[in-house]
Amino acid sequence: MAGVDLTLALSRAQFIQRVREAYYREEDEVANRRRAVTRVPLHVLAVTSEIYPLVKTGGLADVTGALPKALATFGIETHTLIPGYPSILALARLHPPLMEFDDLLGEKATLRHLEIDGISLFVLDAPDLYDRPGGPYVDENGYDHHDNWKRFAVLSLAGAEIAAGALPGWRPDLVHTHDWQSALTSVYLRQMGSPVPVVLTIHNLAFQGQYSSDLLPLIGLPPEVFSVDSMEYFGDISYLKGGLMTADHITVVSPTYAREILSPTFGMGLDGVLNTRIDRLQGIVNGIDNEVWNPSTDPYLPFRFDMKTLRNKKNNKALLLERFNLQPGDGPLFSAVTRVTWQKGMDMLAEVADEIFYRGGRLIVLGQGDHAIENALKETAARFPGKMAVSVGYNEPTAHLIHGGSDSIIQPSRFEPCGLTQLYAMRYGCVPVVSRTGGLSETIIDANDAALSARAATGFQFHPVRPEGLRQALRRAADAYEDKRKWARLQLQAMRADYSWDRSAESYAEVYGRLTEQRFQATH
Ligand SMILES: Nc1ncnc2c1ncn2[C@@H]1O[C@H](COP(=O)(O)OP(=O)(O)O[C@H]2O[C@H](CO)[C@@H](O)[C@H](O)[C@H]2O)[C@@H](O)[C@H]1O
């Protein structure tokens, strides 16, 4: 607790009095901070290509789905603009239109409102762009939609028009964009001369929305933006760079990743740009939605549990082994639930998974992505029948069950802006094995001797991020698993780690408060 000097020799009564004073001071500070952002109740327009529970391909959806709920406790009301994909339209079309757009880069669109699970959505119903088979970014055959450049420019333009006042009776105080798909919103807003503050959050710098500059007239932007201090990027245009150059504040999803991306190794060609924007770059670690990911209430778990009933987990484990046709046994069950990509290091796992089986363990991989890596995983599984299963696909209920029954979740990422899977794993009593990079390095405490004695360890980290490092970490985890008391302690320590949204939402609320205050002062 801040402000209590424990080095002073105090009587017990004085001590209690001081603690009380500090407590109330702290309470006041929190209340003041909340008041600072709620003095004028804040209205935020979030713009995103994914949101849980309606459309999700990865962690972006989890964040855009959970953050508005967490921000509501700060008096911040968020409406989220989302494309009208088929899964959303069925519900959205039950509601009357809010407004019509006559010409969004040549497209007509209807704006609809939908409220679901406490989230308020503006749905952009533009059937030619979004009402089609496949996922948000790829068609039924896994290829990028040919017109993604237009689909996400239109989303951003609609966001900018709403922010600039196109929707009668509602105008946001601030806009929050996410990744390249909505990054053009601030570019359009500045072209319109609108001063509405914009926060851009980067969830993954690897995806940048890079296209030929020939598209500029088609996305309604003037030739001037094709310059080095605007959207020009290695001879092309980059939507993400456009956002980085025009947003008032840039957040990434962990402080470590915020530092890493300033270097060429992690900057993905944008480190130079990010260094010029360093004064507005901030890392805010993600939280998790404690209602969606709660092992004691999870509807997808046949056997629910908490810290006191952790033993129930083994029933889920038996079920998982059966469901994935794996041999039953007492050895550790490792799992990975992930996009199968180079970023996530799944090729390394395919290479060293044998270590798990030599130690009597089993492995389940649920994921999809790069076909070559999927095949490498399947080949390893074929060499170890009954010990390893690979399920190619995306399945939310199975993801929950895997967390509910596994002993350990493996996340050997080459880079990881934050990572949510390791946070879910901890809450479900799985001890994560992770590479020491980005958000993984700051959310998992390695089970070294010091951390074990301090009862602080929550998982296993490895570095450098190479197959041999991963093999070594798997070995350490398997060794620890053999000591039942040590393992149970690690599980409980992991379950106690608090990664709810409260703290991180407060950081976003502070950013919003500061930006809107600056704007308020500039206009009064
Ligand atoms: N096959 C499958 N079936 C079911 N569920 C699956 C699945 N594959 C993945 N998931 C789910 O998708 C989410 C993945 O989130 P992550 O944050 O771990 O990674 P991602 O790279 O998608 O996110 C990016 O954005 C997030 C959010 O900011 C950052 O944490 C992260 O570092 C960054 O790379 C989890 O909810 C996971 O359970």
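Reading the values: the criteria
- Residues numbered from 1 in each chain as written.
- Predicted model: local features only at pLDDT ≥ 70, side-chain atom pairs only at ≥ 80, totals over all residues.
- Heavy atoms only, no water.
- UniProt positions renumbered as here; feature names shortened; annotations may be inferred.
- Helix = DSSP H or I, 4+ residues; strand = E, 2+ residues; numbered from the N terminus.
- Polar contact = N/O pair within 3.5 Å; in protein donor to acceptor, adjacent residues only side chain to side chain.
- Contact = heavy atoms within 4.5 Å.
- Salt bridge = Lys/Arg side-chain N within 4 Å of Asp/Glu carboxyl O.
- Buried < 20%, exposed > 50% of the residue type's maximum accessible area, 1.4 Å probe, protein only.
- Near = heavy atom within 4 Å.
- Areas by Shrake-Rupley, 256 points an atom, 1.4 Å probe, with all protein chains shown as cover.
- Nonpolar A, V, L, I, M, F, W, Y, C, P; charged D, E, K, R; others polar.
- Pairing = 2+ DSSP bridges.
- Axes fitted to C-alpha atoms, helices over the stretch in contact; angles between N-to-C directions.

- Per an unreviewed UniProt entry, the protein goes by Glycogen synthase and derives from Rhizobium glycinendophyticum.
- The UniProt entry for the protein carries this comment under Pathway (unreviewed entry): "Glycan biosynthesis; glycogen biosynthesis."

### Remarks on the side chain of His145
Consideration 1: Following the sequence through the fold, His145 ends up in the loop between α4 (127-130) and α5 (148-163).
Consideration 2: Within the structure, the side chain of His145 is placed 3.5 Å from the side chain of Arg132, a separation counted as a polar contact.
Consideration 3: In this structure His145 touches Arg132, Pro133, Gly135, Pro136, Tyr137, Val138, Asp139 and Arg151, once residues within four positions along its chain are discounted.

### Quick word on the pattern of salt bridges
Consideration 1: Applying the stated criterion across every chain yields a total of 18 salt bridges.
Consideration 2: One salt bridge in this structure joins Asp125 and Arg112, with 2.9 Å as the shortest N-O distance. Here the residue Asp125 occupies a position in strand β5 (residues 119-125), and Arg112 occupies one in strand β4 (residues 107-116), the gap between them amounting to 13 residues.
Consideration 3: The buried category is assigned to Asp125, whose relative accessible area is 4%.
Consideration 4: For Arg112, a relative accessible area of 12% puts it in the buried group.
Consideration 5: For Glu355, the salt bridge is made with Arg471, and the minimal N-O distance between the two is 2.9 Å. One end of the pair, Glu355, is in helix α13 (residues 354-358); the other, Arg471, is in helix α19 (residues 467-482), and 116 residues separate them in sequence.

### Re the site of the ligand
Consideration 1: In the vicinity of the ligand there are 29 residues, among which Asp62, His203, Arg339, Glu416 and Gly419 approach most closely.
Consideration 2: In isolation the ligand offers 720 Å² of accessible surface; the protein chains occlude 97% of this area.
Consideration 3: Elements that contribute at least two residues to the shell around the ligand include exactly α2 (59-72), β13 (333-340), β14 (362-369) and α16 (421-427).
Consideration 4: At four residues, α2 tops the list of elements feeding residues into the shell around the ligand.
Consideration 5: Of the residues contributing to the shell around the ligand, the split by class is 11 nonpolar, 13 polar and five charged.

### Remarks on the sheet that holds strand β17 (residues 433-435)
Consideration 1: An order of β15-β14-β13-β16-β17-β18 is seen for the six strands of this open sheet, with the pairing classed as parallel. At either margin of the open sheet sits one strand with a lone partner, and together these are β15 (388-392) and β18 (460-462). Across the sheet, the mean angle separating the axes of adjacent strands is 20° when strand polarity is ignored.
Consideration 2: As defined by bridge partners, β17 adjoins β18 across three bridges and the pair is classed as parallel. Counted as the bridge partner of Val434 is Gln461 from β18.
Consideration 3: Packing of helix α14 (residues 371-383) onto the sheet brings it into contact with β13, β14 and β15, and relative to β15 it is tilted by some 150°.
Consideration 4: Of the strands in this sheet, β13, β16 (408-411), β17 and β18 are in contact with α19, which crosses β18 at around 160°.

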